[in-house]
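Working through the structure, step by step
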Amino acid sequence: MEQQNLKKRINILTAYVVISTSICLFLAFSAFRTSERKEKFDELEVKRINVVGEKGDIRMVISNETRQHNGVLDGIAAEPRKREAGIIFFNTVGDECGGLVFNGDEKDAGLVLSVDQFRNDQVMQLQYMENTENKDRKYGLQLWEYPKEVRYKELLPKFNQLKGKSKEEQKQMLASMRADSLLSEDRLFLGRDFNKNVGLFIKDDTGRPRIKIYIDAQNRAKVEFLNEKGELVKELL
């Protein structure tokens with residue numbers, strides 16, 4: 001009797017092991033097949049999509065305005081902030097390297113495609129901006145440049161010092177940073193400005209206008225050359 005009970009228990013245990021092993025193998029095989037299978041959808045509705053690399057590092061975020069990535073610059077995660085809906089791109093070292101953002105309502109509208117300098121902020125934009133209340137708008141290609149080869153990590157402590165300062169103090173500190181060539185400078189705009197001029201506007205490495213080639217709001221063709229003080233030195237009409 002005792003041998004029969006023991007044999008019965010062994011048979012039950014053997015059956016349990018076989019069934020458990022079979023289930024585990026089936027689940028593992030199913031998971032492998034699922035991870036390798038390409039899914040096709042006619043329509044997909046999401047609030048955010050994270051595209052990651054083979055090691056799980058973030059490479060691109062597609063998101064609405066409430067879930068947008070705050071960004072990472074020179075290895076430093078940005079503080080929580082309001083960002084528009086769009087796409088944010090990240091390079092292989094994990095920094096934000098550009099993006100496409102857009103919005104529009106009864107006050108303002110815009111769409112911007114940005115390209116960031118490595119280890120620093122934006123240096124090129126394809127942009128459209130409009131005050132939808134008074135119909136003031138600007139659109140075109142915008143370029144900036146950092147006069148000094150400086151990384152964002154070097155600039156961040158100086159930006160943090162601006163917090164809690166008065167507007168006048170902030171103005172003076174920013175002027176000091178600009179005098180030390182630490183801030184980006186506007187170098188070129190090609191497009192339509194807020195004054196309804198359409199053309200090419202070039203500035204020197206300190207952000208001072210030097211050459212303007214454009215058609216003004218009265219349809220007059222103009223070519224202007226300016227000196228370092230912003231004074232007109234030559235004009236072609």
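Quick note: structure is the one above.
Attention in this report is confined to the structure presented alongside it. Residue positions are counted from 1 within each chain, in the order its sequence is given. Per-residue local features are limited, in this predicted model, to residues with pLDDT of at least 70; the limit for side-chain atom pairs, both in listing and counting, is 80 or more; totals at the level of whole chains, interfaces and linings are taken over all residues. Note that water and hydrogens are dropped before the side-chain values are worked out from all heavy atoms of the structure.

Some points on the overall build of the chain
Looking only at helices and strands, the chain features 3 helices and 14 strands. Considering only residue pairs separated by 6 or more positions, the chain has 28% of its internal contacts joining residues 24 or more positions apart. Computed by Shrake-Rupley with a 1.4 Å probe, the accessible areas treat only the displayed protein chains as cover when residues are assessed. Accessible area of the chain: about 17,200 Å², with a carbon and sulfur share of 56%. Put simply, DSSP marks the helices as runs of H or I at least four residues long and the strands as runs of E at least two long, and each gets a number from the N terminus on. Only heavy atoms matter for contacts: two residues are in contact if any of them lie within 4.5 Å across the pair.

Re the pattern of salt bridges
The salt bridge definition used is simple: a Lys or Arg side-chain nitrogen within 4 Å of an Asp or Glu carboxyl oxygen. Within the structure shown, the criterion is met by 15 salt bridges. For Lys203, the salt bridge is made with Asp186, and the minimal N-O distance between the two is 3.0 Å. Pair noted here: Lys203 is in strand E11 (residues 198–203) and Asp186 is in strand E10 (residues 185–192), with a separation of 17 residues, a long-range link. A salt bridge links Asp216 to Arg220; the nearest nitrogen and oxygen atoms lie 2.7 Å apart. Several salt bridges share partner residues, and in doing so they unite Asp74, Asp95, Arg119 and Arg151 into one network.

Comments concerning the environment of Ile202
Examined against the element boundaries, Ile202 turns out to sit in strand E11. Here's how the labels work: a residue is buried when its accessible area is under 20% of the maximum for its type, exposed when over 50%, partly exposed in between, all with a 1.4 Å probe on protein chains only. Taking relative accessible area as the criterion, Ile202 reaches 27% and is therefore assigned partly exposed. With residues near it in sequence (within four places) discarded, Ile202 still touches Arg187, Leu188, Arg208, Pro209, Arg210 and Ile211.

Points about helix H3 (residues 167–179)
The end-to-end C-alpha separation of H3 is 18 Å, in line with the 18 Å expected for 13 residues at 1.5 Å each. Positive phi appears at Ser181, one or two residues downstream of H3, with a value of about 60 degrees. Helix span, expected: 1.5 Å multiplied by one less than the number of residues in the helix.

Notes on the nonpolar core
Of all hydrophobic cores here, the largest spans 7 residues; its members are Val123, Tyr146, Val150, Leu155, Met177, Leu182 and Leu183. With sequence-adjacent residues up to four places away left out, Val150 is seen in contact with Asn120, Leu155 and Leu182. Note on terminology: a nonpolar core comprises buried Ala, Val, Leu, Ile, Met, Phe, Trp, Tyr and Cys residues joined through side-chain atoms within 4.5 Å.

What to know about the sheet that holds strand E7 (residues 108–116)
Taken in spatial order, the 12 strands line up as E1-E2-E5-E6-E7-E8-E9-E10-E11-E12-E13-E14 in an open sheet, and their pairing is antiparallel. In this open sheet, the two strands that pair with only one neighbour each are strand E1 (48–52) and strand E14 (232–236). Adjacent strand axes in the sheet meet at a mean angle of 10 degrees when their direction is disregarded. Across 4 bridges, the pairing between strand E2 (residues 58–63) and strand E5 (residues 85–90) is antiparallel. Pairing of Ser63 across the sheet is with Gly86, part of E5. At least two DSSP bridges between two strands are needed for those strands to be called paired. Working convention: axes come from line fits to C-alpha atoms, limited for helices to the stretch in contact. Angles between N-to-C directions cover 0 to 180 degrees.

Overview of the side chain of Asp116
Mapped onto the elements, Asp116 comes out in strand E7. His is not counted here, nor are the chain ends, while Lys and Arg score as positive and Asp and Glu score as negative. Of the buried charged residues, Asp116 lacks a salt bridge, with Arg83 as the closest side chain of opposite charge at 6.8 Å. Looking at Asp116, its side chain comes within polar contact range of the main-chain nitrogen of Gln122, at 3.4 Å. Ignoring any residue separated from it by four or fewer positions in sequence, one finds Asp116 in contact with Glu96, Cys97, Gly98, Asp121, Gln122 and Val123. The definition of a polar contact used here is a pair of N or O atoms within 3.5 Å, where within protein one atom must be able to donate a hydrogen and the other to accept one, and adjacent residues in sequence count solely through side-chain atom pairs.

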